[in-house]
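Spelled out from the first residue to the last, the chains are:
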Amino acid sequence: MRRLFPVTDQTVSAADREWTLDELAEAYAYPDAYPAAGATGEARPEARPEARPVGDGVWLRANMVSTLDGAAHHEGRSQALSSDADMRIFGTLRAIADAVVVGAETVRLEGYRPARARDAFAARRAAAGQGPAPVIAVVSASLNLDFSLPLFTEPLVPTLVLTGAAAPPERIRAAEKAGAEVLIAGDGPGVEPARAVRALAGRGLTRLLTEGGPRLLGQFVAAGVLDELCLTVSPTLTSGYAQRIAGGPALAVPERLALASLLEEGGFLFTRYRRI
């Protein structure tokens with residue numbers, strides 16, 4: 001793996017070898033300090049006016065993969081677009097997050113399992129005041145989920161379910177009976193993205209990672225609550241009619257992000273973009 005941007009000594013020294021997990025964790029570390037909401041709950045200055053009023057220090061990043069022709073999956077799953085290096089970065093991003101936020105459809109299609117504790121990141125997580133593994137937070141309006149799955153019955157840390165106040169009461173009870181904790185983050189049946197972020201931040205989960213799917217990411221983008229996009233550009237073409245990485249209503253004005261870093265291995269580009 002090699003670093004193409006920003007240019008550093010590693011651009012040469014790391015060109016022809018596999019990066020260690022520590023190097024990847026450093027490369028993808030959450031910001032040490034960044035503008036945050038003040039005591040009045042006012043949004044960060046660089047955020048759009050409609051962006052969330054959040055607690056201090058919360059940061060939401062997304063990790064997605066896309067083909068050269070814009071497909072976010074092949075036959076419903078993203079695995080065919082990935083690589084060993086992409087999976088190492090995927091695992092690293094999970095391992096340094098407080099919580100992984102994922103949509104219900106992605107849970108169903110990708111066969112989500114509980115996050116596991118990894119020895120390679122144990123000291124780093126302990127130093128950051130984190131638990132042994134990130135919390136999985138599932139976003140669902142209908143709660144049409146199989147609560148007998150290990151994601152709900154066997155997690156190292158309890159799985160969270162984010163839903164709206166009008167969610168079916170019997171499904172809320174089923175989630176809680178399975179061991180999940182239900183958080184209400186919307187007045188209707190669905191979840192309001194800004195309220196979801198606030199609900200997680202209120203539990204001390206401020207280093208947030210979303211892995212989509214496209215519909216959930218589109219909601220975060222439309223609500224102006226996404227701080228960073230980690231996008232793997234896969235050197236593949238699929239054609240077809242697969243979704244893009246974000247779906248849903250278009251923004252009135254396209255939002256431009258700034259390139260923070262660019263890594264490359266085996267023709268795969270690993271990009272990081274942050275909101276300006």
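A brief report on the enclosed structure follows. Since we're looking at a predicted model, the values are computed, not measured. (Residues numbered from 1 in each chain as written. Predicted model: local features only at pLDDT ≥ 70, side-chain atom pairs only at ≥ 80, totals over all residues. Heavy atoms only, no water.)

### Some words on the side chain of threonine 67
So, step 1. Here threonine 67 is to be found in strand β2 (residues 59–67).
So, step 2. A polar side-chain atom of threonine 67 sits 2.5 Å from a polar atom in the side chain of aspartate 69. (Helix = DSSP H or I, 4+ residues; strand = E, 2+ residues; numbered from the N terminus. Polar contact = N/O pair within 3.5 Å; in protein donor to acceptor, adjacent residues only side chain to side chain.)

### Examining the sheet that holds strand β4 (residues 135–139)
So, step 1. An order of β1-β9-β10-β8-β2-β7-β3-β4-β5-β6 is seen for the ten strands of this open sheet, with the pairing classed as mixed. Looking at strand neighbours, the two that pair on one side only are β1 (2–5) and β6 (181–184), the edges of this open sheet. Ignoring which end each strand starts from, the neighbouring axes of this sheet average 25 degrees apart.
So, step 2. Here β2 runs beside strand β7 (residues 207–210); their pairing, made up of four bridges, is parallel. Across the sheet, alanine 62 pairs through a bridge with threonine 210, a residue of β7.
So, step 3. Each of β2, β3 (99–103), β4, β7, β8 (228–234), β9 (257–265) and β10 (268–275) is contacted by helix α3 (residues 84–95), which is oriented at about 165 degrees to β2, the strand it contacts most. (Pairing = 2+ DSSP bridges. Axes fitted to C-alpha atoms, helices over the stretch in contact; angles between N-to-C directions. Contact = heavy atoms within 4.5 Å.)

### Here's the deal with the nonpolar core
So, step 1. Grouped together as the largest cluster of nonpolar side chains are 42 residues, with contacts concentrated most on Met1, Tyr28, Val138, Phe147, Phe152 and Phe270.
So, step 2. Elements represented by at least two residues in this core include exactly α2 (21–27), α3, β3, α4 (104–110), β4, α6 (150–153), α7 (169–178) and β10.
So, step 3. With residues up to four places along the chain from it excluded, the contact list for valine 138 reads Val102, Ala104, Val107, Leu145, Leu151, Phe152, Thr159, Leu160, Val161 and Leu162.
So, step 4. Listed in part, the 33 residues of the second largest apolar core include Ala62, Leu162, Leu183 and Val225. (Core = buried A, V, L, I, M, F, W, Y, C linked by side-chain atoms within 4.5 Å. Buried < 20%, exposed > 50% of the residue type's maximum accessible area, 1.4 Å probe, protein only.)

### Let's talk about the pairing of β3
Looking along a regular strand, one sees the side chains alternate between the two faces of the sheet.
So, step 1. In terms of burial, β3 is a largely internal element, five of the five residues being buried.
So, step 2. Of the two faces of β3, the one holding Ala99, Val101 and Gly103 and the one holding Val100 and Val102 are both buried throughout.
So, step 3. Both β3 and β4 contribute to a ladder of five bridges, which runs parallel. Residue pairing in the sheet places valine 102 in a bridge with valine 138 of β4.
So, step 4. Here three bridges tie β3 to β7, and the two strands are oriented parallel to one another.

These results come straight from atomic positions and should not be treated as a statement about function.
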